[in-house]
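Here is how the chains run, residue by residue.
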Amino acid sequence: MKGEKNKLILVYILMLLVIVLIIALTYLILQNNPKEEPIESTATTTPTVDVNPYPNISAECTFDVTLTQYNALTGPGCKGGYSRYNLTDINLGNNNLEVVIIYSDKNGAKSGLYINKTRVVSKVDNLLNIRLGIFDNKLFLLDKNNNEANVLVYNSNSENIYSLKDTLDEIKISDPNFQAVSTDPISTKTIDPNSFQFTPTYFSFKTRLINNNQTIAGSQYIVNFTGEDFSDPTTNIQNQG
């Protein structure tokens, strides 16, 4: 009887030793395994992408206007922020172009002129500095911002097919009226911004040079166009009607 009891005690002692060994082994394994770094959530660190090209403008400062109505504007509809003008009648052939002018009197980051949601003019100093017209099934844009005067032309697919600035930068022509004081080629900065005239077959402009606070009158230039072909500016304005 006493022997049986001793055997039972020995079994309990052995079981206890096994349990202690298992616990010790588990502890050693856990201590030797490298700890995984916590994965930081990117939900709050991923920057959001603003897919809307236009700024958020209240309905009170958003205006649907025709081309004629826009060209007659003398000032913005709202002060202290943005004014948006949606041109409703820019139709070239069978395509309607989405033309939007956004003006800000507080240097808003998204001001400018957009064609089919693409900003083609990044600055609008004054609504009077942007004028538009449709000639020969093309949209002509007269941009008088930044103390310059440029003409941009877009076709029915909203593609830019002409830039007066790019043309002048390429051909580099000098005005004979400026020879006495400068032989520099004319540029969008030496064009009189108020001298432009547009017709269905050509547009014209005059140059002027400010020298020692005096304005020197330049020549009159003409650019003929047919379809998407534009001539270089020339002073030959005969037989233009």
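Calculation rules
Residues numbered from 1 in each chain as written. Predicted model: local features only at pLDDT ≥ 70, side-chain atom pairs only at ≥ 80, totals over all residues. Heavy atoms only, no water. Pairing = 2+ DSSP bridges. Helix = DSSP H or I, 4+ residues; strand = E, 2+ residues; numbered from the N terminus. Phe/Tyr/Trp six-rings, centres within 6.5 Å; stacked < 30°, edge-to-face > 60°. Buried < 20%, exposed > 50% of the residue type's maximum accessible area, 1.4 Å probe, protein only. Arc of directions from axis to C-beta. Contact = heavy atoms within 4.5 Å. 1 Å grid on protein atoms, 1.4 Å probe; cavity = no way out; pocket = protein on both sides within 12 Å on 5 of 7 lines; lining within 4 Å. Points joined across faces, edges and corners; volume = space filled by probe spheres on them. Nonpolar A, V, L, I, M, F, W, Y, C, P; charged D, E, K, R; others polar. Patch = residues over 30% accessible without salt bridge, like charges linked within 9 Å, V, L, I, M, F, W, Y side chains within 5 Å. Areas by Shrake-Rupley, 256 points an atom, 1.4 Å probe, with all protein chains shown as cover. Salt bridge = Lys/Arg side-chain N within 4 Å of Asp/Glu carboxyl O. Disulfide = S-S within 2.5 Å.

**Side note on the pairing of strand β7 (residues 118–121)**
Where strand β6 (residues 112–115) lies against β7, three bridges are found, and the strand directions are antiparallel. Bridge pairing links Tyr114 to Arg119 in β7. The loop that links β6 with its antiparallel partner β7 comprises two residues; one of these, Asn116, has a positive phi angle of about 50°.

**A closer look at the packing of aromatic side chains**
Under the defined criterion, the tally for this structure stands at 18 aromatic pairs. Measuring from ring centre to ring centre gives 6.0 Å for Phe140 and Phe198, while their planes differ by 70°; the resulting arrangement is edge-to-face. Remark: Phe198 occurs in strand β12 (residues 197–198) and Phe140 occurs in strand β9 (residues 138–143); sequence separation between them is 58 residues. Note on Phe140: relative accessible area 2%, which makes it buried. Take Phe198: its relative accessible area is 25%, and that puts it in the partly exposed class. Centroid distance Phe196 to Phe205: 5.6 Å. Interplanar angle 35°. Geometry classified as tilted. Here the two residues Phe196 and Phe205 agree in accessibility, since each one is buried.

**Observations concerning helix α3 (residues 164–171)**
When α3 is considered as a whole, its buried residues turn out to be Leu164, Thr167 and Leu168. Here the buried residues of α3 occupy an arc of 95° about the axis, which is enough to place them on one side. Tucked into the core, α3 has its buried residues touching β10 (150–154), β11 (160–163) and β13 (202–211).

**Thoughts on the layout of surface pockets**
For the largest pocket, the calculated volume is near 200 Å³. Lining the largest pocket are 14 residues, and of these Asp143, Asn146, Asn150, Leu152 and Lys165 sit closest to its centre. Elements represented by at least two residues in the lining of the largest pocket include exactly β7, β10, β11 and α3. Classifying every residue of the lining of the largest pocket gives three nonpolar, six polar and five charged.

**Remarks on a nonpolar patch on the surface**
The grouping of Ile9, Ile13, Leu14 and Leu17 at the surface amounts to a nonpolar patch, some 350 Å² of accessible area in total. Position of Ile13 among the secondary structure elements: in helix α1 (residues 2–32).

**Some points on the state of the cysteines**
Each disulfide consists of one covalent bond between the sulfur atoms belonging to two cysteines. The final tally for this structure, using the stated rule, is one disulfide. Paired by a disulfide, Cys61 and Cys78 hold their sulfur atoms 2.1 Å apart. On the S-S bond that ties Cys61 to Cys78, the torsion sits near -100°, and the link is left-handed. Residue Cys61 is found in the loop between α1 and β1 (62–65), and its partner Cys78 is found in the loop between α2 (67–71) and β2 (82–87); the two are separated by 17 residues along the sequence. You'll find Cys61 and Cys78 in the same group, each marked buried.

**Details of the pattern of salt bridges**
Counting across every chain of the model gives four salt bridges. Close ionic contact of Glu98 with Lys117 constitutes a salt bridge, the shortest N to O distance being 3.1 Å. Here the residue Glu98 occupies a position in the loop between β4 (95–96) and β5 (99–104), and Lys117 occupies one in the loop between β6 and β7, the gap between them amounting to 19 residues. Overall, the relative accessible area of 29% leaves Glu98 in the partly exposed class. Residue classification places Lys117 among the partly exposed positions, given a relative accessible area of 46%. For the salt bridge of Lys138 with Asp136, the shortest nitrogen-to-oxygen distance reads 2.5 Å. Assessed through its relative accessible area of 3%, Lys138 is described here as buried. Exposure remark for Asp136: the relative accessible area of 37% places this residue in the partly exposed category.

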